Amino acid sequence: MSRRGYLIKRVLQAIFSLWIIATILFFLFRMGLPDPTAALVTEGLNAEQRAAIRAQFGLEEPLWRQYLLFLGNAVQGEFGTSFSYRAPVADIVWERLANTMILMLAAIVLAYAIGVPLGAWLSWRRGSRADTTGIFVGLMFRSAPMFWTGMIAILIFGVGLSILPTSGMRTLPYDADGWWDKILTLDFLWHAVLPVLIVALYYLGSPLLIMRNTMLEVYGEDFIEMARAKGLPERDILYKHAARNALLPVVTQLAVTIGLAAGGQVVVEVVFSWPGLGREILNAVRTSDFPLAQASFLIMAAFVITLNLLVDILYTTLDPRVSFQ
Amino acid sequence: MTLPPFLRAAIVPLRIMMQDRLAVIGLCVLGLIIAMALFAPVLSTHDPRHINEIEDGSVLSRGVDGWELQESLGPLALNDAAHRAGEAIIVGRGGLAWAREGTGDWVPLDLPTEADLHAVALTPERRALVVGEDSVILLREGGAWTPVTAPEEVRLRGVVWLDGASALMVGTGEEIWLFDADTGAFTEIDSPVGRGFPLQSVALDVDGTALIVGERGLAVRYDPADGSATLERLGSTRDLNHIHIAEGGAALVVGERGTLLRRESAESGWSADDAPDTRAMRAGWIGDDGQAIAVGRSGLIMEWDGTAWQLVPTESERHLRALLVTGDEMLALGSDRFVSRLLPPSREHWFGTDHLGRDLFSQNVHGSQIALLVGFLGATLVVLIGTNVGLIAGYYRGRTETVLMRTVDVMYGIPFEPFALILVLLFQPSLTIVILAVSLLTWRTVARLIRSQVLSLRERPFVKAARVAGASDLRIMYLHIFPNVLPLVFLELAIIVGVSIIAEATLSFLGLGPPQAISWGGILHDARLSGAWRTAWWWNLPPGILIMTTVLSVFFISRSLEVVANPRLRARQ
């Protein structure tokens, strides 16, 4: 298959996946919440106002018409008004998604930046105490639930030593013109330390162990023997010859991880009060804010699929051995 | 030794696992946790849902910043205290009493009774009277305690010395008895009401009369000059629990629902004060300099600041029943059974208690049940679906494969955690929906892995041979191919057990776990919700450590299963 044909096929697949997910989501919500406006009774809306909202979402129409309406709106990026924020859903969701992505990407980059060299080093010291400890610690953080490590980190650094902020993205109150203005500050960096660290520690195990194991396989290859025979220093063999060739499985794992990053880590966002998309979904469904919940999930899924697609395409470009099938 | 072939086949992987020290540790730890889940009712020291209460001889002392808990005086509640001439006596439940000379240590008194004691009074000549339930009256004369026989069955609540020889006692049947310590004679005084209202407390007024308070705002003044008892109006119809009259004439009566009646001096009248809290108050103390304290249930302490009553924060939940004020020292005494909230680990509660006084050790032990149930059930479901999808897709190929693998592709577009959240929130948390939420998406990985393995297996000669021999598709899939992917299946099972346990803990932590079930994530949810987790470390640590240990042991096992499944790994170990 040609490269061009492969690209078209992958894009079509992605669109198909998104359509299926949107459909599942639509019917899931209609089954779980037959009357989404029921939650509005507590907001003090009377029957007439509720009827108006029902009409706005087309809830009086037959199911198939509702479905088409939903799909049509979704394609145009029109998700209605949030019940609880009283603002267009799309605006809220995009900002939350950006918050989630910056947290996740920072954490993933950190985890791989530490995990890959550390894994290579551990493989070099295989069988030693450092190796065992490294594997143990990596697996330990992989096994500990993040909400718990987060709570412990808050206890130690926030409550005990009180050196790091433990909630939100900025110290309140603050004013910022737009998202970038909010992000490009020391205060933000300071707030991001703990959540990023907790997510990174969780992700650390994968690159660490994959790198270590692949390195062990690479050591058996002939070109390493060759390098040794040339009398190169061990350090050069490790990092220049072996590590480069062991990178592929780690990159694969990195691609998968980034692909799923938009899904975020809901519990970390909850524990650190990080205004991310996962936390927004949780709050939205708790408050029965169905336009927000539906849109958040759909956009999240769209982002996951798009990221997967991009990573796939990038991957085929980077590694010519991967066939376009 | 000859073994059946299937056993011999099982021994090789087992031996490989046994060579891996981490895997052996993992197996042992997992075994322990499974045993913990199975024997949870036996292992747990308490009912995990039971709200624990304890009784304690609690002493709170007025410090510079507030009332601080002191070392307990025994395991029984303290009910009343009195002091005179450098000596102080505290009496409590179960015939318990403590005495102190000056500012020395409290020494237990050996009293000839086991009944609950309610009141104590002292004379300057060191005579002492203790009264209580079951008609108990004890008189101390020259250091020896002797029981005095009451003229009839009575439950005495208050006692006061009128002079060096005669004392007035009041009881729950509206008894007012005059006792002569020299002769041992009792005189029953007729109450002006006479309807059997319980009398709770008595105090000596500055003019030599005694003022008695009781239920429904009842107040009776006894005048020893003419032996009469007359009704007095204090201005409340609430149950009155305690009266204290200072030497200069200031007086304080406390009662139910925040009743505070105060008299500035012997000449002024009674006035009802506004209380900042409407719980029951059990004891009051007033000084002639305007200082006043009232204490009551659940650690309630109020102080009069000259213009109003102020609630004083105490970190104690204890029910306070008496006040002992000697010079600068102020002690609040209690406590009958109170909910033992947020207790740090002790011999009674190994992992402490939570905000409702529930035993955390038992909760943690019971939590293993849900974790393992969801972990193993969810993982079995996942592996069952994933393996079959993988087998069918890999074996049949063609359109079947396309449909199945496109489904898997779609599932990779669904973020796991948010999807599980939505599923549980839309369909009400229950064990079934939690297991479904955990397993509905996870099988995607298993299906992909098994399929890729089956793709290569189906081209092998033994499959072709079976096909030529006329074996059906099902037979080839499940009898010829499946045993060859079995190590991989077990590996995936182990990994997904870990994933499911964490997923269940996550849902429970967000408050979406199986309702009414005790789970590790649920314990952490409670801790976070109560806000006490920032101080109660014993609440946070154990569930997390348990989750981590369980998942870690499963990971260790899966690592050695990986070696079994992939023989190439064996060489480089």
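Just so you know, these numbers come straight off a predicted model, no measurement behind them.

With that settled, consider the nonpolar core. Residues A:Phe147, A:Met215, B:Leu507 and B:Leu510 are the most contacted members of the largest nonpolar core, which totals 183 residues. Broken down by element, the residue count for this core peaks at 16 residues, all from helix α10 (residues 473-509) of chain B. Setting aside chain neighbours within four positions, we find A:Phe147 in contact with A:Val267, A:Val271, B:Ala505, B:Thr506, B:Phe509, B:Leu524 and B:Ile547. Of all hydrophobic cores here, the second largest spans 18 residues; its members include B:Ala119, B:Ala121, B:Trp161 and B:Ala167.

With that settled, consider the pairing of strand β14 (residues 176-180) of chain B. All names here are of chain B. Within β14, four of the five residues are buried, leaving the element largely enclosed by the surrounding structure. As defined by bridge partners, strand β13 (residues 166-171) adjoins β14 across five bridges and the pair is classed as antiparallel. Its bridge partner being in β14, Ala 167 is matched across the sheet by Phe 179. By the bridge criterion, five bridges tie β14 to strand β15 (residues 185-189) in an arrangement that is antiparallel. Bridge pairing links Ile 176 to Ile 189 in β15. Counted between consecutive antiparallel strands, the loop separating β14 from β15 contains four residues, among which Gly 184 sits at a positive phi close to 80°.

A separate point is the sheet that holds β14(B). Residues and elements named next belong to chain B. Strand order in the open sheet formed by four strands is β12-β13-β14-β15, with antiparallel pairing between adjacent strands. Of all the strands in the sheet, just β12 (156-161) and β15 have a single pairing partner and so form its edges. Neighbour-to-neighbour, the strand axes of the sheet open up by a mean angle of 25°, direction not taken into account.

Facing the 46 residues of chain A at the interface are 41 residues of chain B. Here chain A meets chain B over a buried area of about 4300 Å², counting both sides, of which 77% is carbon and sulfur. Run the count over chain A and chain B and you get zero salt bridges. In this assembly, chain A and chain B are joined by three residue pairs in polar contact (both at pLDDT 80 or more). Broken down by secondary-structure element, the contributors of at least two residues to the side of chain A that touches chain B are α1 (3-32), α5 (129-143), α6 (146-160), α8 (186-219), α11 (266-271), α12 (277-286) and α13 (290-318) of chain A. Residue contributions to the side of chain A that touches chain B peak at nine residues, all from α1(A). Across the side of chain A that touches chain B, the residue classes tally to 34 nonpolar, nine polar and three charged.

About the cut-offs
- Position numbers for residues count from 1 along each chain, tracking the sequence in the order it is written.
- Following the order in which they are written, the chains are lettered starting with A and the ligands numbered starting with 1.
- Owing to the predicted nature of the model, reporting of local features is limited to residues with pLDDT of at least 70; listing and counting of side-chain atom pairs is limited to 80 or more, with chain, interface and lining totals taken over all residues.
- Hydrogens and waters are ignored; side-chain quantities use all the structure's heavy atoms.
- Among buried residues, the Ala, Val, Leu, Ile, Met, Phe, Trp, Tyr and Cys ones that are joined through side-chain atoms within 4.5 Å form a nonpolar core.
- Buried, partly exposed and exposed residues are distinguished by accessible area as a fraction of the type maximum, computed with a 1.4 Å probe on protein chains only: under 20%, between the cut-offs, and over 50%, respectively.
- For the purposes of this entry, the term helix denotes a DSSP run of H or I that reaches at least four residues, the term strand denotes a run of E that reaches at least two, and both are numbered from the N terminus.
- By definition in these notes, contact holds between two residues if any of their heavy atoms fall within 4.5 Å.
- Two strands pair if DSSP finds at least two bridges between them.
- Lines fitted to C-alpha atoms define the axes here, with helix axes fitted over just the stretch in contact, and angles between the N-to-C directions of these axes take values from 0 to 180 degrees.
- Note on terms: buried area is the combined drop in 1.4 Å-probe accessible area of two parts once they are placed together, counting the loss on both.
- Here, a salt bridge means any side-chain nitrogen of Lys or Arg that lies within 4 Å of a carboxyl oxygen of Asp or Glu.
- Two N or O atoms count as a polar contact when they lie within 3.5 Å, although within protein this holds only if one can serve as hydrogen donor and the other as acceptor, and sequence-adjacent residues are included solely when both atoms are side-chain atoms.
- For this scheme, ten residues count as nonpolar: Ala, Val, Leu, Ile, Met, Phe, Trp, Tyr, Cys and Pro. Four count as charged, namely Asp, Glu, Lys and Arg, and the remainder, Gly too, count as polar.

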